[in-house]
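# Report on the structure
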Amino acid sequence: MKDFAEVSENYTLAEAIKEAQRCLNCKAPGCKKGCPISNDIPDWIYELSHGNFGNAIHIIHTKSNLPAICGRVCGHERQCQGSCVLGKKGEPVQIGKLERFLADFDAEAGWSHTNIPQKTRGKVAVIGSGPAGLTIAGDLARKGFAVDIFEMEKEPGGMLKFGIPEYRLPKEVVTREIKKIEGLGVNIHLNTTIGKDFTVDDLFSQGFDAIFMGTGTGVPKRLDIPGIDHFGVRQGIRFLRRVGLYESGYIKRREVVISEGDKVAVIGCGNTAMDAARTALRMGASEVTVIYHRGIENMAALKAEYDEAVAEGVKFLWNSSVIDIKGKNDVKLDKITIKTGDETFEKPVEHLILAVGSVPASRIVSSTEGIEVDEKGYVLTREFPYGMTTRKGVFAGGDVARRSATVVHAMADAKKVAEGIAQYIDAIKLMDSISQTPTTEELTN
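First, a word on scope: everything that follows refers to the structure included in this document. Numbers given for residues are sequential positions, taken from 1 along each chain in its written order. Where local features are concerned, this predicted model is filtered to residues with pLDDT of at least 70; where side-chain atom pairs are given and counted, the filter is 80 or more; whole-chain, interface and lining totals use all residues. As a rule here, side-chain values come from all non-hydrogen atoms in the structure, and water together with hydrogens is ignored.

Our next topic: the nonpolar core. Core analysis: the largest hydrophobic core is formed by 69 residues, its most contacted members being Trp 44, Leu 98, Leu 102, Ile 136, Leu 140, Leu 160 and Ile 421. Here, residues are in contact when the closest pair of their heavy atoms is within 4.5 Å. In this view, Leu 140 contacts Val 124, Phe 145, Val 147, Ala 418, Ile 421 and Ala 422; residues no more than four positions away in its chain are not counted. Counting residues in each nonpolar core, the second largest holds 29 residues, with Phe 4, Val 264, Ala 273 and Ala 280 among its members. In this description, a nonpolar core means a group of buried Ala, Val, Leu, Ile, Met, Phe, Trp, Tyr and Cys residues linked to one another through side-chain atoms lying within 4.5 Å. Residue exposure (1.4 Å probe, protein chains only): buried if accessible area is under 20% of the type maximum, exposed if over 50%, otherwise partly exposed.

Time to look at the pattern of salt bridges. The salt bridge criterion pairs a side-chain nitrogen of Lys or Arg with a carboxyl oxygen of Asp or Glu, the two atoms within 4 Å. Inspection of every chain in the model, using the stated rule, returns 32 salt bridges. A salt bridge links Lys 179 to Glu 182; the nearest nitrogen and oxygen atoms lie 3.9 Å apart. Within this pair, Lys 179 and its partner Glu 182 are both found in helix 9 (residues 171–182), separated by three residues, close to a single helical turn. The exposed category is assigned to Lys 179, whose relative accessible area is 53%. Of the charged contacts, one joins Lys 328 and Glu 350 as a salt bridge, the two residues approaching to 3.8 Å between their closest N and O atoms. Strands are runs of DSSP state E lasting at least two residues, helices are runs of H or I lasting at least four, and both sets are numbered from the N terminus onward.

What follows deals with unusual backbone geometry. A cis amide bond links Phe 384 with the next residue in sequence, Pro 385, at an omega value of -10 degrees. Relative to the elements of secondary structure, Pro 385 occurs in the loop between helix 14 (363–366) and strand 15 (394–396). Backbone geometry places Asn 25, a non-glycine residue, at a positive phi of 50 degrees. Along the chain, Asn 25 falls in the loop between helix 1 (13–20) and helix 2 (30–34). Residue Asn 25 is classed as partly exposed on the basis of its relative accessible area, which comes to 39%. Located in the positive-phi region is Val 257, a residue other than glycine, with phi close to 80 degrees. Mapped onto the elements of the fold, Val 257 is located in the loop between helix 11 (236–247) and strand 7 (263–267).

Turning to helix 1, a few remarks are in order. Taken together, the buried positions of helix 1 are Ala 16, Ile 17, Glu 19 and Ala 20. All buried residues of helix 1 project into a common sector of 165 degrees when viewed along the axis, lining one side. Of the exposed residues in helix 1, the ones pointing more than 90 degrees away from its buried face are Ala 14 and Lys 18. Looking at the buried residues of helix 1, the elements they touch are helix 3 (41–49), helix 4 (53–61) and helix 6 (95–109). Here the arc refers to the directions that run from the helix axis out to each C-beta atom.

We now examine the side chain of Thr 193. Checked against the element boundaries, Thr 193 lands in the loop between strand 3 (187–189) and helix 10 (200–205). The class of Thr 193 is buried, set by a relative accessible area of 11%. Excluding its chain neighbours within four sequence positions, the residues that come into contact with Thr 193 are Met 152, Phe 198 and Arg 363.

For Arg 391, the position within the fold is in the loop between helix 14 and strand 15. Residue Arg 391 is classed as buried on the basis of its relative accessible area, which comes to 18%. Among the polar contacts made by the side chain of Arg 391, one reaches the main-chain carbonyl oxygen of Glu 369 at a distance of 3.0 Å. Other than its neighbours up to four places away in sequence, Arg 391 contacts Asp 201, Phe 204, Thr 368, Glu 369, Gly 370 and Ile 371. Any N or O atom pair separated by 3.5 Å or less is treated as a polar contact, with the protein-specific requirement of one donor-capable and one acceptor-capable atom, and with residues adjacent in sequence counted only for side-chain atom pairs.

Across the five residues of strand 2 (residues 146–150), four count as buried, placing the element largely inside the fold. By this definition, two strands are paired if DSSP reports at least two bridges between them. Examined bridge by bridge, strand 1 (residues 123–127) and strand 2 share five bridges and lie parallel to one another. Opposite Val 126, over in strand 2, you have Ile 149 as the bridge partner. Each parallel crossover has a hand, and the one from strand 1 via helix 7 (residues 131–142) to strand 2 is right-handed. With three bridges joining them, strand 2 and strand 3 adopt parallel strand pairing. With its strands directed away from the observer, a crossover is right-handed exactly when the path from the first strand over the helix to the second travels clockwise.

Worth remembering: the numbers are spatial, not functional.
Quick look at the structure:
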């Protein structure tokens, strides 16, 4: 059984500077265009290459609140690194590892880079502390807004803490980044479920000028397969969450369900499927097989994630589908039936993990009047002010509004929503001040 130690090693100081010096500092940098949040990559790499670490991290912080996280889990090969001109020779600058190095170096040094403004511009409630919620909170706090985050879990971080395995993103790194957000004056309320403990109307009655919904997609999609409701069928995001809770000491080992020596199959081929497969191995599975209905060229997972899964022993069945599920007892499966082209065969497995996507939960929408959703439950929003729902003052972004696919895409969308929230609050404050301005007649009487 593999442990959950982080698999990617950090650069040493000398290695980081040497790699940074490879950057050509292009006049029209493809890396910046390839970054969803338009990070000023050549600028901070230039500072890093000259040993100006403080300047480098300051540049990063103008665009990103979560550099240690982005440096580890962003899809660099499809984004910044994938757009590096040196990639034409197969040797792009390792932008992700450089960002990670700077963020970690910065944390160890304990530097402070932000002048925190007075929180006089307005009051915002953020529901959820995943990448979208943390980005909204950080951006608005830097702009002079008082921000409170409401999180249903015992710890903040959302899918960053309980959805991405420890070997890819250590929980201590997430905690460290969140501490920086709190250092901006953001208050975080844990064990608080909006739609249960408080409603959106309750938050408005507490004096919040705007509310942001960053609750993600917590309800897995369902596949129509005979036997799909058996207890031995696990949802990918829920399996990863349980492992995260176990690793944090909140639940017992037996509650993860997968036992030492079990055979596991995974349906899907995105990054969640890779995470679930590799995590199942780490929980003691003797064999893990990923089953995907299309070919390898169509997989949503990053090639690096696939390569690492193969190296760890994960097997793959391409152009294949599960068409039947049979249980051995109330807890474990006996076998699944797989169709590959014209061939049908049975495969013994104790557990089947579904990693086929998810949709939003309805807890907040069902407890709030005026928030409209589409036919699949995604919250409808408008372009101006960007991100506002059909309920005045309530905004949404990231997965819950069907506008992100990765951590950095959720961050990119959240940054635009933060601008929309700022515009909205500034406008209502201005209108209030105009309505309260005495007329000439009132001044003369």
